[in-house]
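Survey of secondary and tertiary structure
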Amino acid sequence: MPALVLLGAQWGDEGKGKATDLLGGSVDYVVRYQGGNNAGHTVVVGDQKYALHLLPSGILSPGCTPVIGNGVVVDPAVLLSELSGLNERGVDTSKLLLSGNAHLITPYHTTVDKVTERFLGKRKIGTTGRGIGPTYADKINRVGIRVQDLYDESILEQKVEAALDFKNQILAKLYNRRAIDAAKIVDELLAYAEQIKPYVADTTLILNNAIDEGKVVLFEGGQGTLLDVDHGTYPFVTSSNPTAGGACTGAGVGPTKINRVIGILKAYTTRVGAGPFPTELFDKDGEALRTIGGERGVTTGRDRRCGWFDAVIARYATRVNGLTDFFLTKLDVLTGWEQIPVCVAYEIDGKRVEELPYSQSDFHHAKPIYEMLPGWTEDISKAKTFSELPKNAQAYVKALEEMSGAPISAIGVGPGRDETIEINSFLS
Ligand code: GDP
Ligand code: IMO
Ligand code: MG
C-alpha cells in the first residue's frame with residue numbers, strides 16, 4: 001500500500017489532522033499538497049494538544065518524514081514560528097522537507113487578501129486573511145515568488161519588483177493604500193533564507209523514489225472537497241484543489257501511483273466563512289452541535305456554522321475524489337439526540353434532486369429533504385469495536401455508509417489518538 005490520499009469530504013475541519021496523525025506512526029512520509037496556513041489541524045496526543053497550520057500532521061510521529069509539496073503556499077514567517085513552537089515542546093522537526101517550487105506568501109499577499117475582503121463588503125468570501133488567494137493568483141499569473149528564489153538575490157529582486165509594479169497601482173489607486181516598498185520585502189524574505197535552507201529539497205524526486213521503493217506515503221489534504229476551487233461551491237471556496245487530483249499536481253506524483261483515497265467525513269456538517277449550506281441550523285440543535293462538538297475555528301477563532309449530515313455532499317465527494325473509504329469522525333458528538341435528521345436529497349424549485357446540482361443558483365435554492373434516524377444515549381467514547389456501539393449508533397453508521405457510496409473504514413468517538421474504532425485497515 002505505497003500511496004494514500006487523505007482529504008476532507010465536506011467544507012473542512014472534518015478531523016483530518018487526527019486521522020493523519022493516527023496513521024503517522026505507520027507511514028514513512030506525510031505530504032501536504034495544497035493550501036497553506038489557512039488550515040488548522042488539531043491533533044491530541046495524550047494530554048497534549050497541537051494546532052498545526054502549515055506543517056503536515058505527520059510531524060508528530062518520530063519515524064515519519066513530513067513534506068511540504070510544490071502545491072502548497074508557504075508563509076516563511078509562519079513556517080519558522082510553527083517549527084520553533086514545536087521544538088520548544090520537544091518535537092523534533094529536523095526531517096522536514098520543503099519543495100523549492102512551493103510559492104511564498106509575502107506580506108503584500110496578506111495585505112491584498114484583507115483589503116479585497118473589505119472592498120467586497122457584503123459579498124466577501126470570509127477568507128482566513130492569510131494571503132492564500134492572492135498568492136495562488138500570482139502563481140497562475142506567473143508573477144509568484146518561489147522558495148528557490150530566496151537563493152538568487154538578483155532574481156528575487158526582479159520578481160518582487162515585477163509582482164509589486166501592478167499591485168502597487170491597485171493598492172494606491174483603488175484601495176487608497178500606501179504602496180509597498182519592494183526593497184523592504186526583498187530584505188525581509190532574504191532574512192528567512194538561511195533558516196529555511198536546510199529543509200529545501202527536490203521533493204518530487206524523493207517522493208517518487210520512495211513510492212518505487214515500497215515506502216508508504218500519505219498525502220494530507222487541507223480544507224475540503226466543497227472548498228475546492230474547481231469542484232466546490234465557487235466562489236465561496238479556497239484557491240487550491242484539496243480534491244484527490246490536487247495530490248498529483250501538488251506533489252508531482254502520477255495518479256497511477258495512488259492506491260487509496262480516504263475521505264474524512266464528520267457525522268454532521270460544519271462550514272466556516274460565507275456560502276451556501278443547505279443543512280445549516282439556526283436553532284438550539286445548531287447551538288448544541290457547536291458547543292458539544294467544540295466547533296470553533298483553529299485558525300481564526302470564528303464560530304463554525306453547524307448543521308445535520310448531508311448525504312448528497314458525501315456522495316459528491318465519493319464521485320469527484322474516487323473515494324475508496326470514509327473515516328467517519330465525531331460520532332460521539334451526536335450522543336443524546338432522540339432522533340437524528342439526515343439529509344438524503346434536496347428539493348430544488350419543487351423537484352427532488354439526488355445529486356449535487358452543478359448550477360450555483362440551483363444549489364443556493366436547495367432545501368434539505370430529511371430522513372429521521374433513531375438516536376442513542378449511551379456514552380460511546382470508550383468503544384473500541386463496531387459491535388460495542390449501541391444498536392442505533394451502528395444503524396446510523398450503516399445508513400450513512402449506504403447513502404455515501406464508499407465503505408466507512410474507521411469511526412472517531414473522541415479527539416484522542418486512541419478514541420477510534422478501526423473497521424478495515426487503511427494500510428493493508
Ligand atoms: P481538520 O482541519 O480537518 O484537521 O479538523 P480540525 O482540527 O479543524 O477540527 C476537528 C476537531 O474535532 C478538532 O478539535 C479535533 O480534535 C476534534 N476531533 C477529531 N475527531 C474527533 C472525534 O472523533 N470526536 C470528537 N469529539 N472530536 C474529534
Ligand atoms: P482545514 O484544513 C475550514 C475557508 C475560509 C473561507 C474560504 C476561503 O482546517 O479544514 P481562504 O483563506 O482559504 O482563501 O478562505 O475557505 N477555509 C476553511 N474552512 N477549514 C479550513 O481548513 C479552511 N481553510 C479555508 O473560511 O470560507
Ligand atoms: Mg481545521
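Residues numbered from 1 in each chain as written. Chains lettered and ligands numbered in written order. Predicted model: local features only at pLDDT ≥ 70, side-chain atom pairs only at ≥ 80, totals over all residues. Heavy atoms only, no water.

**Regarding the site of ligand 1**
Basically, it comes down to this: A cutoff of 4 Å decides nearness: a residue is near a molecule or strand if any of its heavy atoms lies inside that distance of it. Definition of a polar contact: a pair of N or O atoms within 3.5 Å, with one able to donate and the other able to accept a hydrogen when the atoms are protein atoms, and with sequence-neighbouring residues admitted only if both atoms are side-chain atoms. The protein chains shown are the only cover counted for residues, whose accessible areas, like all others here, come from Shrake-Rupley with a 1.4 Å probe. Strands here mean DSSP runs of E at least two residues long; helices mean DSSP runs of H or I at least four residues long; both are numbered from the N terminus.
Near ligand 1 lie 19 residues; those nearest to it are Lys16, Gly17, Gly40, Thr42 and Asp332. Taking glycine 40, its main chain carries an N or O atom lying 2.8 Å from an oxygen atom of ligand 1. A distance of 3.5 Å separates an oxygen atom of ligand 1 from a polar atom in the backbone of valine 413. About the coverage of ligand 1: the protein hides 92% of its 590 Å² of free accessible area. Only α1 (16–24) and β3 (41–45) provide two or more residues apiece to the shell around ligand 1. Considering every element that reaches the shell around ligand 1, the biggest residue donor is α1, with three residues.

**Remarks on the side chain of glutamate 401**
Operational definition: We call two residues in contact when some of their heavy atoms are within 4.5 Å.
If you trace the backbone, glutamate 401 turns up in helix α12 (residues 391–404). A polar contact is formed between the side chain of glutamate 401 and the backbone nitrogen of isoleucine 408, at a distance of 2.6 Å. In contact with glutamate 401, not counting residues within four places along its chain, are Ala406, Pro407 and Ile408.

**Notes on the nonpolar core**
Quick note on the threshold: Only buried Ala, Val, Leu, Ile, Met, Phe, Trp, Tyr and Cys residues count toward a nonpolar core, and they belong to the same one when joined by side-chain atoms within 4.5 Å. Three exposure classes are used, based on accessible area relative to the maximum for each residue type with a 1.4 Å probe and protein chains only: buried under 20%, partly exposed in between, and exposed over 50%.
Formed by 60 residues in total, the largest nonpolar core has its most connected members in Leu207, Phe219, Leu289, Leu331, Leu334, Leu389 and Tyr396. For this core, the leading source of residues is α12, giving six residues. The contact partners of leucine 334, leaving out residues within four places of it in the chain, are Ala267, Tyr268, Leu289, Trp308, Ile340, Trp376 and Tyr396. One finds Leu60, Val72, Leu98 and Ala193 within the second-largest nonpolar core, a separate group that totals 39 residues.

**Digging into the site of ligand 2**
Put simply, the test is: Charged means Asp, Glu, Lys or Arg here, nonpolar means Ala, Val, Leu, Ile, Met, Phe, Trp, Tyr, Cys or Pro, and polar covers whatever is left, Gly included. For each domain, the first and last residues come from an automatic or database assignment.
The environment of ligand 2 is formed by 20 residues, the closest being Asp13, Lys16, His41, Thr128 and Thr238. In the model, an oxygen atom of ligand 2 is placed 2.9 Å from a nitrogen or oxygen of the glycine 40 main chain. Within the backbone of valine 272, an N or O atom sits 3.1 Å from an oxygen atom of ligand 2. When ligand 2 sits alone it has 550 Å² of accessible area, and the protein chains cover 97% of it. Taken together, the residues that form the shell around ligand 2 break down as six nonpolar, eleven polar and three charged. Two domains each put at least three residues into the shell around ligand 2: domain 1 (3–91 + 202–422) and domain 2 (103–198).

**Digging into the environment of glycine 307**
Within the element layout of this structure, glycine 307 appears in strand β13 (residues 305–307). When its relative accessible area of 0% is taken as the criterion, glycine 307 is described as buried. When the C-alpha atoms of glycine 307 and tyrosine 268 are compared, they prove to be 6.3 Å apart, with 39 residues separating the residues in sequence.

**Some details on the coordination of the magnesium ion (ligand 3)**
Selection criterion: Only nitrogen, oxygen and sulfur atoms count as donors, using a 2.8 Å cut-off from the metal that widens to 3.2 Å for Na, K and Ca. Water is left out, so coordination shells may look unfilled.
Within the first shell, the magnesium ion (ligand 3) binds the protein through Asp13 (OD) and Gly40 (O), at distances of 2.0 to 2.1 Å. With a gap of 27 residues between them, aspartate 13 in the loop between β1 (3–8) and α1 and glycine 40 in the loop between β2 (29–32) and β3 connect regions that are remote in the sequence. Note on aspartate 13: relative accessible area 22%, which makes it partly exposed. Residue class for glycine 40 comes out buried when judged on its relative accessible area of 11%.

**Quick notes on the domain arrangement of the protein**
Accessible area lost upon the coming together of the parts serves often as the stated size of an interface. Applicable threshold: Here the buried area means the combined drop in accessible surface, using a 1.4 Å probe, for two parts upon being joined, counting both sides. Between Lys or Arg on one side and Asp or Glu on the other, a salt bridge is scored when a side-chain nitrogen of the former is within 4 Å of a carboxyl oxygen of the latter.
Once the domains are mapped, the protein shows domain 1 (3–91 + 202–422) and domain 2 (103–198). Each side of the interface is counted separately: domain 1 has 26 residues, and domain 2 has 18 residues. Interface area for domain 1 against domain 2, summed over the two sides, is near 1,800 Å², with a carbon-plus-sulfur share of 63%. Of all residues in domain 1, Val73, Pro76 and Leu80 bury the most surface against domain 2, accounting for 30% of the area lost on that side. Viewed at the interface, domain 2 and domain 1 are joined by zero salt bridges. Connecting domain 1 to domain 2 are seven residue pairs in polar contact (both at pLDDT 80 or more). Ranked by residues supplied to the side of domain 1 that touches domain 2, first place goes to helix α2 (residues 76–88) with four residues.

**A short note on the sheet that holds strand β11 (residues 260–266)**
Just so we agree on the cut-off: Here, any two strands with at least 2 DSSP bridges between them count as paired. Interaxial angles span 0 to 180 degrees and are taken between N-to-C directions of axes, which are lines fitted to C-alpha atoms, for helices over the stretch in contact.
Reading across the sheet, the ten strands line up as β9-β7-β5-β2-β10-β1-β11-β15-β19-β20 and stay open at both edges, with mixed pairing between neighbours. Looking along the sheet, the strands with just one partner apiece sit at the ends: β9 (200–201) and β20 (420–422). The pairing of β1 with strand β10 (residues 217–220) spans four bridges and is classified as parallel. Residue pairing in the sheet places alanine 3 in a bridge with valine 217 of β10. Docked against the sheet, helix α7 (residues 203–212) engages β1, β2, β5 (65–68), β7 (97–99), β9 and β10, running at close to 135° with respect to β10. On the sheet, α12 packs against β11, β15 (325–329) and β19 (408–412) and is oriented at approximately 135° with respect to β19.

**Some words on a negative patch on the surface**
Convention followed: The patch calculation keeps residues exceeding 30% relative accessible area without a salt bridge and links them within 9 Å when they carry like charges or within 5 Å when they are nonpolar (Val, Leu, Ile, Met, Phe, Trp, Tyr). Counting rule applied: Lys, Arg positive; Asp, Glu negative; His and chain ends not counted. Lys charges are placed at NZ, Arg charges at CZ, Asp charges at CG and Glu charges at CD.
Among the surface-exposed residues, Asp152, Glu153, Glu157, Glu161, Asp165, Asp181 and Asp187 lie close enough to one another that they form a single negatively charged patch. Top element by residues in the negative patch is helix α5 (residues 153–173). It accounts for four residues. Position of aspartate 187 among the secondary structure elements: in helix α6 (residues 182–196).

**A look at the environment of asparagine 70**
Positionally, asparagine 70 belongs in the loop between β5 and β6 (73–74). Taking the C-alpha atoms as reference, asparagine 70 lies 8.2 Å from threonine 249; in sequence the two are 179 residues apart. Setting aside residues no more than four positions away along its own chain, asparagine 70 makes contact with Ser99, Asn101, Ala102, His103, Lys139, Thr204, Thr249, Gly250, Ala251 and Gly252. At 3.5 Å, the side chain of asparagine 70 and the backbone nitrogen of alanine 251 are in polar contact.

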